[in-house]
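Here is how the chains run, residue by residue.
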Amino acid sequence: MQIPKLAIIVPCYNEELCIEATCKRLLEIIDMLSQKSKISQDSYIYFVDDGSKDKTWEIIENCHNSNPTNVKGLKFIRNYGNQKALIAGLEGVRELGCDCAVSIDADLQQDELAIEKFIDKYAEGYEIVLGIRNDRNTDGIFKKYSALLFYKTMNMLGAKIPVNHSDYRLVSKKALDMMKLYPEKALFLRGFFYELGLNTASVNFDVKPRSAGQSKFNFFSLMGLALNGITSFSIVPLRIVSCLGLFMAVIAFCLGVEAIYEKLYLQNVINGFTTVITMLGFIGGLQIFSLGVIGEYVGQVYKEVKARPRYITEKELN
Ligand code: UDP
Ligand code: MG
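This section reports on the structure supplied with the text. (Residues numbered from 1 in each chain as written. Chains lettered and ligands numbered in written order. Predicted model: local features only at pLDDT ≥ 70, side-chain atom pairs only at ≥ 80, totals over all residues. Heavy atoms only, no water.)

Turning our attention to helix α1 (residues 19–35). Relative to the 24 Å expected for 17 residues at 1.5 Å per residue, α1 spans 24 Å between its end C-alpha atoms, a close match to the ideal helical length. Of the positions making up α1, those classed as buried are Ile 19, Thr 22, Cys 23, Leu 26, Ile 29, Ile 30, Leu 33 and Ser 34. Down the axis of α1, the sector holding all buried residues measures 125°, keeping them to one side. Exposed residues lying more than 90 degrees from the buried face of α1 are Glu 20, Ala 21, Lys 24 and Gln 35. The elements touched by buried residues of α1 are β1 (6–12), β2 (44–49), α2 (56–66), β3 (71–76) and α4 (114–123). (Helix = DSSP H or I, 4+ residues; strand = E, 2+ residues; numbered from the N terminus. Expected span 1.5 Å × (residues − 1). Buried < 20%, exposed > 50% of the residue type's maximum accessible area, 1.4 Å probe, protein only. Arc of directions from axis to C-beta. Contact = heavy atoms within 4.5 Å.)

Here's what the structure looks like:
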C-alpha cells in the first residue's frame with residue numbers, strides 16, 4: 001500500500017495560549033510518523049479558527065509561513081461552534097487532498113501519541129478509527145454525569161453512538177467523500193460516522209488536563225450539542241410523546257366512564273378534588289413537555305428548511 005497522506009484537523013476558538021505549542025507538538029508527531037514511513041512527508045495540520053477574538057489566527061498564520069507544506073488552515077468569519085469547525089475541517093481537507101484525517105482538540109487534552117495507533121488501524125484496512133477515552137477524571141462532576149446521561153439516553157433512543165468517544169477519530173477519504181451525500185446542516189458527527197456503517201475500529205487513549213486557557217464549553221453549549229445529537233439521530237422522543245398521549249387518553253376515558261356511572265346509577269357526586277387537581281397538574285405538565293419535544297424537532301426542520309450555509313469562511317491558508 002502507498003504511504004498515506006494524513007491531515008490533522010484542529011478546531012480552535014480563542015486558543016492563543018496553547019496553539020503554538022500544539023502546532024509544534026503535532027509537527028513532531030508528523031515528523032516521527034513520516035520517519036517510520038507510516039505517513040507521507042507532506043501530511044499536514046489543518047487549523048480551523050472558529051472566529052477567535054484573540055491572536056489565534058495570527059499565530060496560525062505565522063506557523064503556516066514558517067512551514068507552508070505542513071501547516072494549513074482556514075478562518076471563519078465568526079464563531080459557529082465546535083461541530084461546524086470540525087465539519088469545515090473535514091470538508092477543507094477533502095478539497096486539499098489527503099488519504100485520511102484525524103481531528104483533535106487544540107488544547108491537546110487527547111493523547112496525541114494515539115494518532116500512531118489510529119494510523120496502524122487504518123493500515124489494517126479500517127475506514128474509521130474512534131478514540132475512546134479511558135476515564136473522565138479530568139472532567140468536573142457536572143460534565144462527567146451529564147455526559148453519561150447523554151450516552152445512555154442516546155443509546156436508549158436507538159441512536160447508537162459509542163460511549164466516551166468525543167470527536168477524536170480518524171476517518172478515511174472514503175468516509176470524507178460520503179459526507180457529500182449528507183447535506184443536512186446540523187450534522188452530528190459522532191452519530192454520523194456510526195450511521196455510515198463503514199469498517200470501524202477503536203483505540204483507547206488517556207485524557208490530560210487542559211494545557212492552557214479555559215474550556216470553551218458551558219452548560220448551554222453542551223445542552224445544545226446533546227439536543228442536536230438527539231433530534232438529528234432519533235425520532236423516538238416523538239413516538240414516546242404519541243404513546244404517552246394515547247395512554248393518557250385511555251386513562252381519561254376510563255375515569256370519564258366511572259364518573260358518569262357513579263353520577264347516573266349511584267347518585268353519588270364524586271368527592272374528587274384531589275384527583276382533579278392531580279390530573280390537571282400532571283396532564284398540563286405533560287402537554288407542555290410534549291409540545292417542547294415537538295418544538296425541538298420543528299426547530300430542527302426550520303433550520304434545515306432555511307438552508308443557510310453551515311459556515312462562512314473569511315480566510316484560507318493552503
Ligand atoms: N472550540 C471551537 N469552537 C467553539 C468552542 C470550542 O472550535 O465554539 C474548540 C476548542 O478550541 C477546542 C475544542 O473545540 O479545540 C474543544 O474545546 P474545549 O477544549 O474547550 O472543550 P472541553 O475539552 O472542555 O470539552
Ligand atoms: Mg479541552
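As a further point, take the packing of helix α8 (residues 219–233) against helix α10 (residues 273–306). Interhelical geometry of α8 versus α10 gives an angle of 80° and a closest axis separation of 10 Å. With respect to each other, α8 and α10 are oriented roughly perpendicular. Packed against α8, whose contacting residues are Leu 227, Asn 228, Ile 230, Thr 231 and Ser 232, the element α10 presents Glu 296, Tyr 297 and Gln 300 at the interface. Here the residues of the contact of α8 with α10 sort into three nonpolar, four polar and one charged. (Axes fitted to C-alpha atoms, helices over the stretch in contact; angles between N-to-C directions. Parallel < 35°, antiparallel > 145°, perpendicular 65-115°, else oblique. Nonpolar A, V, L, I, M, F, W, Y, C, P; charged D, E, K, R; others polar.)

So, on to a positive patch on the surface. Residues Arg 78, Lys 303, Lys 306 and Arg 308 make up a contiguous surface patch of positive charge. Checked against the element boundaries, Lys 303 lands in helix α10. Given a relative accessible area of 46%, Lys 303 falls into the partly exposed group. (Patch = residues over 30% accessible without salt bridge, like charges linked within 9 Å, V, L, I, M, F, W, Y side chains within 5 Å. Areas by Shrake-Rupley, 256 points an atom, 1.4 Å probe, with all protein chains shown as cover. Salt bridge = Lys/Arg side-chain N within 4 Å of Asp/Glu carboxyl O. Lys, Arg positive; Asp, Glu negative; His and termini not counted. Charge placed at Lys NZ, Arg CZ, Asp CG, Glu CD.)

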